[in-house]
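Notes for the structure review
Residue-level listing of the chains:
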Amino acid sequence: MSATAPDNARPVGTLLKRADFLRAARAGRAPMPGFLLQARERAAGEAEGIRVGFTCSKKVGNAVARNRAKRRLRAVAREVLPFAGCPGWDYVLIGRAGVTAERPHAALVADLEDALARVHRKRGSR
RNA sequence: GCGGAUGGCCGGACGGCCGCGGGCGGGUUACUGCCCGAGGAAAGUCCGGGCUCCACAGGGCACGGUGCCGGGUAACGCCCGGCGGGGGCAACCCCAGGGAAAGCGCCACAGAGAACAGACCGCCCGGAUCCGUCCGGGCAAGGGUGAAACGGUGGGGUAAAGGCCCACCGCGGGACGGGCAACCGGACCGGCACGGCAAGCCCCACCGGGAGCAAUGCCAAAUAGGGGCCUCGCGCCGCUGCCCUUCGGGGUCGGCAGGCACGCCCGAACCCGAGAGGCCCGGGUUGGCAGCACGACCCUUCCGGUAACGGCGGGGCCAGACGAAUGGUCGUCGAACCGGGGCCUGGCACCCCCCGGCGAACAGAACCCGGCUUACAGGCCAUCCGCAGCC
């Protein structure tokens, strides 16, 4: 990916702390067919770059179903966020039961691009 | 060929592009090379162990578990072999399988009667009679109830019957023989006495400290390395409860049973000791490393053993994450399934072949092992048993 568009790509970090997930949940959200996106613009001095986390609760299914949903969300984020994500933002992708594992990959990619646009626009208009 | 029984194995394949975790390297950085990377159940957390910390003076009762015999094992509630009972034509499978003459309790409904048996319908004898039956006595064979009715079948005998007597079977005892044992066989004796449930309590034998890798240890960081007040305190602690004796020091009084070196051993009461809990104030960390991947490990020649398994030798290194890697995506091929056709035939089914559709079960390591249990689309192999398609 970096080989095809080295100018636009930005590194993406990973969310690890529970507190970061909770803060993102309180900020903006964008429901989509395949998943739910939560996003937050961090305060100054918190961390650098784009960060992303994934959540699949037991509502999604057993361990196999949860892992599969997370892996597909990770794959989608890796294709989209380096270009469409904003530095200084935290994103959290939340899996949905059934849909996240079955929806075609291309549709998920489109969903994420739409969701990011909505979240960013909402922030800009505020 | 079809239907079964047992044991074992597999449980999508290949490729392109893009990635993730760990290890070993190269490079000043950017980056980059090689190797390894989920399961038979990783699951349920139901047993058993290793490991770590805590507790521990001994004993008894309670409590929990196991329950034919012998062996295997670190151990087990597991496995192997055998015994007994039950099922199946068979291969083979199943069993919570110690004790019911230690004691208590229960045995619904039905039925006359359900555990110190009993008499509803009946059978027999005698008497009475208004000829319908009634009274007294004997019997438990036949009928009926029930999960179960106090031995069964046949014969003798009898007023009618009954182990009343006899034969066989069952049951109880049992010399003796076989087996390490569970147990098996059984001369002979007994004339029938002994119902079921122990998965209701119980009895017997054996086993059992508690908590868990968020254990535990080390390092780092921090204005802190804590401070203040109160309560209880003789038994405290521990493991779920209880009981008995029991700690160290001091020690008055007492005791002479015993011993001697004649004040020591012994020792009730009493005193002291270690501590526990609660509240308030103030502050720090929510990091890193070890544990944590060489082990009751895996494969295997040979040897011992019926087997589980054990032994000698050879070879191998096989996930180590912590918001948690082991993949995402796109092709090609594809098991099974569904539909259609062909082949065979009098017809149908199976098998086989062709075309189209669909497109892979249960499920994701979290300290590690040995088991059990549960889930699983389907496929393959070996050995064994039964039957030889149907109309």
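For the structure given in this document, a descriptive report is provided here. Quick caveat, the model's predicted, so the values are computed rather than measured.

**A few points about the nonpolar core**
Formed by 22 residues in total, the largest nonpolar core has its most connected members in Phe-35, Leu-37, Tyr-91, Leu-93, Leu-112 and Leu-116. Counting residues per element, the ones that place at least two in this core are β3 (35–41), β4 (50–55), α2 (63–84), β5 (89–95) and α4 (105–125). At six residues, the largest contribution of residues to this core is made by α4. The contact partners of Leu-116, leaving out residues within four places of it in the chain, are Leu-37, Val-80, Leu-81, Ala-84, Gly-85 and Tyr-91.

**Observations regarding the pairing of β3**
Buried residues dominate β3, accounting for six of its seven residues. Both β3 and β5 contribute to a ladder of seven bridges, which runs antiparallel. By the bridge assignment for β5, Phe-35 is matched with Gly-95.

**Details of α2**
Compared with an ideal rise of 1.5 Å per residue, which puts 22 residues at 32 Å, α2 spans 30 Å between its outermost C-alpha atoms and is within 8% of the ideal. Residue Arg-78 marks the point of greatest curvature in α2, where the axis turns by about 35°; the proline Pro-82 follows within four residues. Burial in α2 covers these residues: Arg-66, Ala-69, Arg-72, Leu-73, Val-76, Ala-77, Val-80, Leu-81 and Pro-82.

**Looking at the side chain of Asp-111**
Position of Asp-111 relative to the elements: it lies in helix α4. A relative accessible area of 6% means that Asp-111 is categorised as buried. Once you skip the residues sitting within four places of it in the chain, Asp-111 turns out to touch Met-32, Pro-33, Gly-34, Phe-35 and Arg-103.

Quick notes on the rules
- Residues numbered from 1 in each chain as written.
- Chains lettered and ligands numbered in written order.
- Predicted model: local features only at pLDDT ≥ 70, side-chain atom pairs only at ≥ 80, totals over all residues.
- Heavy atoms only, no water.
- Core = buried A, V, L, I, M, F, W, Y, C linked by side-chain atoms within 4.5 Å.
- Buried < 20%, exposed > 50% of the residue type's maximum accessible area, 1.4 Å probe, protein only.
- Helix = DSSP H or I, 4+ residues; strand = E, 2+ residues; numbered from the N terminus.
- Contact = heavy atoms within 4.5 Å.
- Pairing = 2+ DSSP bridges.
- Expected span 1.5 Å × (residues − 1).
- Bend = angle between axes of the 7 residues up to and from the residue.

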